[in-house]
Amino acid sequence: MHSEEHPPRSPRSPRKPSWLRAAQGSGSARDTPPNPPNTEPHSGGPGAQAAAEDDRSVVDAAVYRNGRRVGTPSSLAATYRRLREEPGGMAWIGLLRPTEAELLSLADEFDLHKLAIEDALEAHQRPKLERYGDTLFVVLRAARYLDAPEEVDFGELHVFVGPDFVITVRHGAAPDLSAVRRRMEAAPELLALGPEAVLYAILDSVVDGYAPVVAGVQNDIDEIETEVFRGHPEVSRRIYELSREMVEFQRATRPLVGMLHGLMAGFDKYGTDEELRRYLRDVADHVTHTSERVDGFRSALSDILAVNATLVTQQQNAEMRALAEAGFEQNEEVKKISAWAAILFAPTLVGTIYGMNFREMPELHWAFGYPFAILLMAVVCLSLYVVFKRRGWL
C-alpha cells in the first residue's frame with residue numbers, strides 16, 4: 001500500500017482487463033462522460049430501476065478528503081463520479097453480500113483482479129493477504145459470541161485497499177463496520193492517513209471482536225469442567241461442539257499473525273506512516289495473544305475430553321461392580337432359599353409316603369412306626385442341614 005498523497009485527479013482512463021471486456025462487452029459506464037453534478041438518472045426509466053437493483057447491497061458509500069467526509073453518494077455510479085471530482089479524495093464503499101453485477105462494476109472502475117473478485121463473490125475463503133499491483137486484497141474471518149445458544153458465530157470480510165479507495169465486502173453479521181466508520185470519522189487526523197488507516201481500523205475491529213469470544217469460550221470451558229465432575233450426561237456433546245468451534249476459531253486467528261507480519265515487513269518499502277506502524281504492531285500483538293489463547297483452549301478441551309472419558313469409564317465400572325455385587329447377593333439368597341426348601345422337602349416326602357391309604361404296608365401295624373417316621377424325618381433334615389452348612393449355603 002502507498003501512503004503518499006496523490007496529485008489532483010483527472011477522470012479515470014479506462015483500463016478494463018480482458019476478462020471484464022468478455023463479461024460486460026466493450027462498453028461501460030466509465031467509457032461515457034459523467035453526468036453533471038446535479039443531474040440524476042430519470043427515476044421512472046428501466047435503467048434507473050436496474051441501477052437501483054444493482055446497488056441494493058451498498059450499506060454505505062462515502063468520499064473523504066483530508067480525513068473528512070465530503071460526499072455521501074447514493075449509488076456506486078455516483079460514488080465513482082464524486083471520487084473523480086474530488087482531488088486527493090478517498091472512497092470508502094461498504095457492501096453486504098453484493099451481486100456479481102456490483103462486483104464487476106467495482107472491478108471495472110478500480111481495476112480489481114479477477115481472482116480477487118471471484119473470491120469476494122463466492123466467499124468461504126481462508127484468511128489471507130494478496131497483492132495485485134497497487135491493490136491489496138485481504139480476507140478476514142470475524143467472530144462474535146452468541147450468549148443465548150452459547151456458541152460462536154463466524155462472518156467473512158473481504159477488503160480491497162487501493163491508492164485512493166477501500167472496498168469492504170461483508171458475508172455475515174460480523175463485524176460491525178458502521179462502528180469502524182464512526183470511529184474513523186471521529187478521528188479525522190487518523191483517517192487523513194488514507195486507505196492504510198482504514199485497513200488498520202478494520203483489522204483492529206476484527207481482532208477486538210475476538211476478545212468477547214475468548215471470554216465467552218473461557219466461561220464455557222469453566223462450566224464444562226464443572227459438568228464433567230458432576231457427571232452431566234450431555235457434557236460430551238458440548239465438549240465436541242465447542243472443540244469444533246475452536247477449530248474454526250483457530251483457522252480465523254492463526255493466519256492473521258503471518259498476514260500482519262507480512263504487512264509490517266513492507267513498512268519501509270511502501271513508506272507506511274510511523275504512527276500507523278505502531279498501531280499495526282499493537283494489532284499484531286493482540287492477534288498473537290488471541291491465537292495463543294485459542295491454542296490453549298483446544299489443548300484444554302482435549303484434556304477435558306480425556307478426563308471425561310476416564311470418569312465415564314470409572315462410572316461404568318462402578319455400575320458394573322454394583323450389578324455384580326447385587327447379583328452375588330441375590331445368588332446367596334437363592335442358595336439359602338433352595339437349601340431350606342430341600343430340608344423341608346424331606347419330612348414332606350416321608351409324611352407323604354406314610355400317608356398313602358394302602359392296606360398292605362409293612363409299617364402300618366408296627367408299634368414303633370410313628371417314632372421311626374419322626375426319627376427318619378429328623379435324621380434326613382439334620383443331614384441336609386449339615387451338608388448345606390458346610391457348603392456355605394446357610
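Trainee: Hey, could you run me through the overall build of the chain in this one?
Mentor: Within the chain, the regular secondary structure consists of 12 helices and seven strands. Taking all 394 residues of the chain together, 40% fall into the buried category. Here the analysis covers contacts within the chain between residues at least 6 apart in sequence; of these, 66% occur between residues at least 24 apart. Summing over all exposed atoms, the chain offers an accessible surface of approximately 21700 Å²; the carbon and sulfur share of this is 55%.

Trainee: Hey, could you run me through the sheet that holds strand 4 (residues 128–132) in this one?
Mentor: Sheets are built from strands paired through backbone hydrogen bonds, the pairs being either parallel or antiparallel. The strand order 2-1-3-7-6-5-4 describes an open sheet built from seven strands, whose pairing is mixed. Two strands in the sheet have a free side with no partner beyond their single neighbour: strand 2 (68–71) and strand 4. Averaged over neighbouring strand pairs, the angle between their axes works out to 25° when direction is ignored. Strand direction decides the pairing type here: strand 4 and strand 5 (residues 135–146), joined by five bridges, are antiparallel. When the sheet's bridge partners are listed, Lys128 is paired in strand 5 with Val139.

Trainee: Mind showing me how you'd approach helix 8 (residues 195–230) here?
Mentor: Structural remark: α-helix, 3.6 residues per turn; residues separated by three or four positions point the same way. Between its first and last C-alpha atoms helix 8 spans 53 Å; for 36 residues at 1.5 Å apiece the expected length is 52 Å, and the two agree. Positive phi shows up at Gly231, right after helix 8, with a value of about 75°.

Trainee: Whenever I open this one, helix 6 (residues 177–185) confuses me. Can you help?
Mentor: What helix 6 keeps buried is the set Leu177, Val180, Arg181 and Met184. Along the axis of helix 6, the buried positions cluster into a sector of 100°, meaning they face one direction only.

Trainee: What am I meant to see in the packing of aromatic side chains here?
Mentor: The geometry of an aromatic ring pair comes down to the distance between the two centres and the angle between the two planes. Per the counting criterion, the structure on display carries nine aromatic pairs. Ring centres 4.8 Å apart and planes at 35° place the aromatic pair Phe137 and Phe160 in the tilted group. With Phe137 in strand 5 and Phe160 in strand 6 (residues 151–161), this pair connects stretches of sequence that are 23 residues apart. Its relative accessible area of 1% is what places Phe160 among the buried residues.

Trainee: What exactly am I supposed to notice about the packing of helix 9 (residues 235–265) against helix 11 (residues 274–354) here?
Mentor: Where helix 9 meets helix 11, the closest approach of the two axes is 8 Å, and the angle between their N-to-C directions is 155°. By the angle class used here, helix 9 and helix 11 are roughly antiparallel. Helix 11 is crossed by helix 9, and the crossing has left-handed handedness. Of the residues in the contact of helix 9 with helix 11, the class split is 19 nonpolar, eight polar and four charged.

Trainee: Is there a simple way to explain unusual backbone geometry in this structure?
Mentor: Generally, phi is negative for residues other than glycine and the peptide bonds are trans, each holding for most cases. One non-glycine residue, Arg97, lies in the positive phi region at around 45°. Summarising the element assignment, Arg97 is placed in the loop between strand 3 (90–96) and helix 4 (100–110).

Trainee: Looking at this model, I keep getting lost on the side chain of Glu227. Mind explaining?
Mentor: By the element assignment, Glu227 lies in helix 8. Side-chain polar atoms of Glu227 contact the side chain of Arg238, separated by 3.0 Å. Once you skip the residues sitting within four places of it in the chain, Glu227 turns out to touch His232, Val235 and Arg238.

Trainee: Quick question: what am I supposed to make of the pattern of salt bridges here?
Mentor: It is possible for side chains bearing opposite charge to pair when their charged atoms get close. Counted under the stated rule, the structure contains 21 salt bridges. Residue Arg82 is joined to Glu86 by a salt bridge in which the shortest nitrogen-to-oxygen separation is 2.9 Å. Note on Arg82: relative accessible area 24%, which makes it partly exposed. Close ionic contact of Glu241 with Arg237 constitutes a salt bridge, the shortest N to O distance being 3.2 Å.

Trainee: Quick question: what am I supposed to make of the confidence of the model for the chain here?
Mentor: Low-pLDDT portions of the prediction should not be read for the details of their coordinates. For the chain, mean pLDDT is 80; residues scoring 70 or higher make up 85% of the total. Looking over the chain, one finds the lowest element-wise mean pLDDT in helix 1 (residues 18–24), namely 38, and the highest in strand 3, namely 93. Confidence drops under a pLDDT of 50 for residues 1–53, and excluding neighbours within four residues, the segment shows 74 contacts in the predicted structure.

Trainee: In this structure, what is going on with the environment of His289? I would like to understand it.
Mentor: For His289, the position within the fold is in helix 11. Each C-alpha atom, one on His289 and one on Val257, is 9.7 Å from the other, the two residues being 32 residues apart in sequence.

Criteria and cut-off values
- Starting afresh in each chain, residues are numbered from 1 along the sequence in its written order.
- Residues qualify for local features only when their pLDDT is at least 70, as the model is predicted, and side-chain atom pairs are given and counted only at 80 or more; totals for whole chains, interfaces and linings, by contrast, use all residues.
- No hydrogens and no water enter the side-chain calculation; it runs on all heavy atoms of the structure.
- The helix count covers DSSP runs of H or I at least four residues long, the strand count covers runs of E at least two residues long, and both are numbered beginning at the N terminus.
- Only protein chains enter the accessibility calculation, which uses a 1.4 Å probe. A residue is then buried if its area is under 20% of the maximum for its type, exposed if over 50%, and partly exposed in between.
- The contact definition used throughout considers only heavy atoms, calling two residues in contact when any of these lie within 4.5 Å.
- Using a 1.4 Å probe, accessible areas were evaluated by the Shrake-Rupley method; residue-level cover was limited to the displayed protein chains.
- What makes two strands pair is DSSP finding at least two bridges between them.
- Axis definition: a line fitted to C-alpha atoms, limited for helices to the stretch in contact. Angles are taken between N-to-C directions and run from 0 to 180 degrees.
- A helix is expected to span 1.5 Å for every residue after the first.
- This arc describes the spread of directions from the helix axis toward the C-beta atoms.
- When two rings of Phe, Tyr or Trp (its six-membered ring) have centres within 6.5 Å they constitute a pair, described as stacked for plane angles under 30 degrees, edge-to-face for angles over 60, and tilted for the intermediate range.
- Every angle not falling under 35 degrees, over 145, or within 65 to 115 is termed oblique; those three ranges are roughly parallel, roughly antiparallel and roughly perpendicular.
- For any helix crossing, the convention is left-handed if the near helix is rotated counterclockwise from the far helix by under a right angle, and right-handed if that rotation is clockwise.
- Asp, Glu, Lys and Arg are counted as charged, while Ala, Val, Leu, Ile, Met, Phe, Trp, Tyr, Cys and Pro are counted as nonpolar; the rest, among them Gly, fall into the polar class.
- Under the rule applied, a polar contact is a pair of N or O atoms within 3.5 Å (in protein, one hydrogen donor and one hydrogen acceptor; residues adjacent in sequence only if both atoms are side-chain atoms).
- By convention in these notes, a salt bridge is any Lys or Arg side-chain nitrogen within 4 Å of a carboxyl oxygen on Asp or Glu.
- One number per residue, pLDDT, summarises how confident the predictor is, and it ranges from 0 to 100.

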